[in-house]
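Overview (structure and organization)
Given next are the chains, with one letter for each unit.
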Amino acid sequence: MKARKVKGQHSFLGCRKPVEHRRFIHGLLSSFHTSVRSIVIFVQYPHFLSGTLFIDSSRKPIDMKNSKTKASGNGAEEEISSKLGKLFEDGVRDIYWAEKALLKALGKMAKNATSEDLIAALELHQTETEDQVLRLEKIFSLLGKSPRGKKCDGMEGLIKEGESMMDESDEGPMRDAAIIAAAQKAEHYEISSYGTLRTFAQTIGLNEAVSILEETLDEEKETDTKLSELAVSNVNLLAASQSGEE
Ligand SMILES: [Fe+2]
């Protein structure tokens, strides 16, 4: 029996119904669009293929020693004013403000702490923080910029939170626990910031800044580890005091 041709239906590459026809055309256009996009991405961002996004392996690292003089002579100034360079500079300003704020906060924490080990750890880190501020000033000088901080909302919030925690806790092991918690939050912020800045510096070839940032990053990590150890001993103290009260 002959199939009846329904008005409005067309046979296009085996698609007899109008819906199938539209789906076929839509699929064709979609595949074409995806292929064109892939080609465009490949041409614009070839580093995706090597997994080195942001890192241009053909770019020579910039020797930033006495960069102010060299920068104007060999085009390095253009490199530094790149978007990532600006982000790096902003990050250095942020952590410079944060370190100076933390310097004062550490002193306040040490005054409020009871454990001698904790006081010693906080005072030691205060001294280290003074050196860290000086290291950041060296980075400013490598960038050919004057040391100027930019208010760090993150650190300001962590310090405020730490002060509330101290105010709301009883003097002794409980307040020490609050101080350790607050100090570790600040350390983690710094570890994250210095890790990011180190990677930015590596990416844009600021080799001297990389080693300076790594030195501070290691100090921050060591402080964090020490605080963790103190936290454990403080928990033991808390446990001991609780068992004594019973
Ligand atoms: Fe620090």
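Rules behind the numbers
Residues numbered from 1 in each chain as written. Predicted model: local features only at pLDDT ≥ 70, side-chain atom pairs only at ≥ 80, totals over all residues. Helix = DSSP H or I, 4+ residues; strand = E, 2+ residues; numbered from the N terminus. Buried ≥ 20, exposed ≤ 12 C-beta atoms within 10 Å, placed from the backbone. Contact = placed C-beta atoms within 7 Å. Core = buried A, V, L, I, M, F, W, Y, C linked by C-beta atoms within 7 Å. Axes fitted to C-alpha atoms, helices over the stretch in contact; angles between N-to-C directions. Parallel < 35°, antiparallel > 145°, perpendicular 65-115°, else oblique. Nonpolar A, V, L, I, M, F, W, Y, C, P; charged D, E, K, R; others polar. pLDDT = per-residue confidence, 0-100. Expected span 1.5 Å × (residues − 1).

Secondary structure summary: the protein chain contains nine helices and zero strands in total. Listing each helix as α and each strand as β along the protein chain from the N terminus yields α-α-α-α-α-α-α-α-α. Each of the 246 residues in the protein chain was classed as buried or not, and the buried ones make up 26%. Across the protein chain, contacts joining residues at least 24 apart in sequence account for 72% of those joining residues at least 6 apart.

If you look at the biggest cluster of nonpolar residues, it comprises 40 residues, and the most contacted ones within it are Ile179, Ala183, Leu197, Ala201 and Ala209. Within the residue set of this core, elements represented by two or more residues are α5 (83-112), α6 (116-143), α7 (153-167), α8 (173-204) and α9 (207-245). Among the elements that take part in this core, α8 stands out by supplying twelve residues, more than any other. Those residues in contact with alanine 201 that lie beyond four places of it in its chain are Phe88, Leu206, Ala209, Val210 and Leu213.

As a packed pair, α7 and α8 sit with axes 9 Å apart at the nearest point and diverge in direction by 175°. Classified by the interaxial angle, the pair formed by α7 and α8 is roughly antiparallel. Two secondary-structure elements touch here, α7 through Gly154, Met155, Leu158, Glu161, Gly162, Met165 and Met166 and α8 through Arg175, Ala178, Ile179, Ala181, Ala182, Lys185, Ala186 and Tyr189. Its residues placed into classes, the contact of α7 with α8 shows ten nonpolar, two polar and three charged.

Okay, the packing of α5 against α7 next. Where α5 contacts α7, the axes come no closer than 10 Å and their chain directions differ by 10°. What the angle tells us is that α5 and α7 run roughly parallel. Counted together, Ala98, Ala101, Leu102, Ala105 and Asn112 of α5 and Met155, Glu156, Ile159, Gly162 and Met166 of α7 form the full contact between these two elements. Of the residues belonging to the contact of α5 with α7, the class tally is seven nonpolar, two polar and one charged.

A few words on the confidence of the model for the protein chain. Predicted confidence across the protein chain gives a mean pLDDT of 78, with 65% of residues reaching 70 or more. Every residue in residues 1-13 is under pLDDT 50, and counting partners more than four places away or in other chains gives eight contacts.

Right, let's get into α5. Helix length check: α5 (30 residues) gives 43 Å between terminal C-alpha atoms against 44 Å at 1.5 Å per residue, within 8%. Among all positions in α5, only Gly85, Phe88, Val92, Ile95, Tyr96, Ala98, Glu99, Leu102, Ala105, Leu106, Met109 and Asn112 are buried.

With that out of the way, let us pick up α8. Over its 32 residues, α8 runs 46 Å from end to end, which matches the ideal 46 Å to within 8%, given 1.5 Å per residue. Positive phi appears at glycine 205, one or two residues downstream of α8, with a value of about 80°.

Let's shift gears to the environment of serine 164. Along the chain, serine 164 falls in helix α7. Residues serine 164 and alanine 178, spaced 14 residues apart in sequence, show a C-alpha to C-alpha distance of 9.4 Å.

Here we take up the environment of asparagine 234. With respect to the element layout, asparagine 234 can be found in helix α9. Along the backbone, asparagine 234 and proline 173 are 61 residues apart, and their C-alpha atoms lie at a distance of 6.3 Å. Sequence-distant contacts of asparagine 234, that is, excluding residues within four places in its chain, are made with Ser115, Pro173, Asp176, Ala177 and Ile180.

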